[in-house]
Amino acid sequence: MLLGGPPRRSPRSGTSPKGPQSSTGHVHFGKSPQTWPRRTRPRSPGLAAPSGVRGSTQPKRRDFPRRAWLTALSRYGARLWMGRRPSLPEARGPAPRSAAASRASRSLASPETSPSPLPATTRGAVAGGGSVQGRAGAQKEVFPGQGAGKMAAPMELFCWSGGWGLPSVDLDSLAVLTYARFTGAPLKVHKISNPWRSPSGTLPALRTSHGEVISVPHKIITHLRKEKYNADYDLSARQGADTLAFMSLLEEKLLPVLVHTFWIDTKNYVEVTRKWYAEAMPFPLNFFLPGRMQRQYMERLQLLSGEHRPEDEEELEKELYREARECLTLLSQSLGTQKFFFGDAPASLDAFVFSYLALLLQAKLPNGKLQAHLRGLHNLCAYCTHILSLYFPWDGAEVPPPRHTPAGPETEEEPYGRRNQILSVLAGLAAMVGYALLSGIVSIQRATPARAPSTRALGMAEEDEEE
Amino acid sequence: MSLVAEAFVSQIAAAEPWPENATLYQQLKGEQILLSDNAASLAVQAFLQMCNLPIKVVCRANAEYMSPSGKVPFIHVGNQVVSELGPIVQFVKAKGHSLSDGLDEVQKAEMKAYMELVNNMLLTAELYLQWCDEATVGEITHARYGSPYPWPLNHILAYQKQWEIKRKMKAIGWGKKTLDQVLEDVDQCCQALSQRLGTQPYFFNKQPTELDALVFGHLYTILTTQLTNDELSEKVLFLSEDGKW
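For chain B, the name recorded in an unreviewed UniProt entry is Metaxin-2, with Callithrix jacchus as its organism. According to UniProt, the comment filed for chain B under the heading Sequence similarities (unreviewed entry) is "Belongs to the metaxin family." Note on chain B: under the UniProt heading Subcellular location (unreviewed entry), the record states "Mitochondrion outer membrane".

Chain A is annotated in an unreviewed UniProt entry as Metaxin-1 from Callithrix jacchus. Regarding chain A, the UniProt comment filed under Function (unreviewed entry) reads as follows: "Involved in transport of proteins into the mitochondrion. Essential for embryonic development."

Laid out in structure tokens, this is it:
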């Protein structure tokens, strides 16, 4: 098993780990003995040793069945993956400069695009504080492999914004984000809360460097794999098969319950989900979009669980929750005491499991039966917090934009509220005066100044009488 | 079933031994039954045989409607009716026969995961092939599904079922898939199963488990069913480990 460390991209192609790279004369590849671009940090000596050791464990893993399995792993087929491998080193060319440039030009303060899913200590040493420039500068030298910036526009990921202590509140967005973090893919992440703003109309959506838009999460991950950001590179074929099996388990057992907990369960929906989405979305979407999403989820759940009569709803619910609890227990047993599901390096399965579990754990649900069960499984909780602190360390600490906190909208609304009040009072006054003038209750006669006040007084008297 | 009812049922189930006249109901074998239902039925039969429990197979045209959950096969044991492999396994376990007792927790987790994989991918692919692939639908499925019924009921029922399956496919995201993508998924699933099996005779230890029964049911049916598109069976044939079955 790997000695800790993130999944690497595959510059170490099956046959000759260092051959193709050195031939193109990449500065960083030549400079450092480590084979993984993200590891080449001449300034952090702490890394050199483990990488060296890791390098020696690599050769065992290159065999045809695993490569064949790897193509099979992606559910929607990564046919091009093997064909593209040899061309990888060229793509990695003058990466650091372009990477830094692209990073510096990112529109958002996007800590998510930090490329190195390394242990917190080393990352802390490099990343430091929270400014984009600081991060870009600090990581300039540590990210030589980002040739994507050179070839075409960087990939852009649109996903739901964060809340409840998580980088994203949506299951799919969170899974894709986590996978991107694991692999260090250079994504320009746009955290938005308006699905109509995304290029495909739904979130998450990935705009690839060629302008194509992908919106199915599995396809996004497949694309990232094709772009050589593969978290499952070092898994054996058997582990790959296990990944497929466990993902099916998650989808069949845990997903319906998650959807039910967040969208169908009335109390949770009203107090947590709808509240967040309504606050996050801009006017006027926040009136109808959460409801529409809920209807879509409900329909999906109904189709998935088959037809059932209304009186069976409760029983069905109980059954669903029972299966979910069983699923969680199974996950806990599979994880055991390991750091990640397959040893010390996170894989795509970890991304999905983390997204499910994190949502369940972090959201403050009034009706949290499954949450209670999950809290009882300590290794899963530790697993979640571990990943959160490792890969999203500043998301929990960062002050969310005012719109997304409960206090935020109020303070924002205050000035608007006052202004609205004043405006509405003025509008009312203007309407009344206008009506009075137009209907003749009050008339202003430009007669002699001496007479004017009396006329006006007469007019007022009339008004008083009418009232 | 609610927890109380379930406990009650398992109590009752545990009380009686397996009767001799247990029956399994499925659709008519020759003319009506479809690939996916046949696979499920065969899986249950294999499972019961692995447990050494006698079962009689009875074919009825309306088996689908008789079943408590709407799915075939279902077994009628004593005065209880249980449908689908999952609940049947639990029911049989309550009676004291279990194939997976010897597995430890991690293996049980794996077994459940792989069963879900088969259900998720293989079964869905079979359903897709039967109901969403126009060629197969027109030539085989419609004709078979409605065969016991007079016109126009046979058409109505067939279209109704097709519409329902198509909706379900859309809900799980398979609506937009092409046949090639589906076959690729089947390929991946088979490869995963093959990897997991390795060179052992069964998936876990030396004993067959319900996973073996399920996989056998699906693979055997796929291999022996005539469809318009033989690619499915070709994909499955690549698993040479099947030979032993």
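1. Digging into the overall build of chain B
Looking only at helices and strands, chain B features 10 helices and 4 strands. Each helix and strand of chain B, placed in order from N terminus to C terminus, yields the pattern α-β-α-β-α-β-β-α-α-α-α-α-α-α. The 245 residues of chain B split such that 51% are buried. For chain B, contacts bridging at least 24 residues in sequence account for 74% of all contacts bridging at least 6. Of the roughly 11,200 Å² that chain B leaves accessible, carbon and sulfur atoms contribute 55%.

2. Overview of the confidence of the model for chain B
All names here are of chain B. Confidence in the prediction for chain B averages 81 pLDDT; 86% of positions are at 70 or higher. At the low end of the mean pLDDT range in chain B sits helix α10 (residues 231-237), at 60; at the high end sits strand β2 (residues 56-59), at 89. Considering only residues more than four positions removed or in separate chains, one finds that residues 240-245, a stretch of pLDDT under 50, has 13 contacts. Scored by ipTM, the complex comes to 0.82, with pTM at 0.65.

3. Regarding the nonpolar core
Core analysis: the biggest nonpolar cluster contains 155 residues, and L187(A), L331(A), W18(B), F47(B) and I75(B) have the highest contact counts within it. Residue contributions to this core reach at least three from each of two domains, namely domain 1 (156-227) and domain 2 (238-392) of chain A. Other than its neighbours up to four places away in sequence, L331(A) contacts F246(A), L250(A), L254(A), F341(A), V353(A) and L380(A).

4. Overview of the sheet that holds strand β3 (residues 205-207) of chain A
Residues and elements named next belong to chain A. Spatial strand order, β2-β1-β3-β4: 4 strands in an open sheet with mixed pairing. A single partner strand is all that each edge strand has here, and the edge strands are β2 (187-192) and β4 (213-214). The strands touched by helix α11 (residues 171-183) are β1 (155-160) and β2; relative to β1, the strand with the most contacts, the crossing angle is about 140 degrees.

5. Some thoughts on the pairing of strand β1 (residues 23-26) of chain B
All names here are of chain B. Neither face of β1 is exposed, since T23 and Y25 on one face and L24 and Q26 on the opposite face are all buried. Note: β1 against β2, 4 bridges, orientation parallel. For T23, the partnering residue across the bridge sits in β2 and is K56. Crossover handedness for the path β1 to helix α2 (residues 35-50) to β2: right-handed. In terms of strand pairing, β1 meets strand β3 (residues 74-77) through 3 bridges, oriented antiparallel. The residue of β3 that forms the bridge with T23 is H76.

6. Structural notes on helix α8 (residues 179-197) of chain B
Because an α-helix packs 3.6 residues into every turn, residues spaced three or four apart end up facing the same way. End to end, α8(B) covers 27 Å across 19 residues, agreeing with the expected 27 Å (1.5 Å per residue, within 8%). Two residues or fewer after α8(B) comes G198(B), characterised by a positive phi angle close to 65 degrees.

Scoring rules and cut-offs
Residues numbered from 1 in each chain as written. Chains lettered and ligands numbered in written order. Predicted model: local features only at pLDDT ≥ 70, side-chain atom pairs only at ≥ 80, totals over all residues. Heavy atoms only, no water. UniProt positions renumbered as here; feature names shortened; annotations may be inferred. Helix = DSSP H or I, 4+ residues; strand = E, 2+ residues; numbered from the N terminus. Buried < 20%, exposed > 50% of the residue type's maximum accessible area, 1.4 Å probe, protein only. Contact = heavy atoms within 4.5 Å. Areas by Shrake-Rupley, 256 points an atom, 1.4 Å probe, with all protein chains shown as cover. pLDDT = per-residue confidence, 0-100. Core = buried A, V, L, I, M, F, W, Y, C linked by side-chain atoms within 4.5 Å. Domains from an automatic or database assignment. Pairing = 2+ DSSP bridges. Axes fitted to C-alpha atoms, helices over the stretch in contact; angles between N-to-C directions. Right-handed = clockwise from strand over helix to strand, strands pointing away. Expected span 1.5 Å × (residues − 1).

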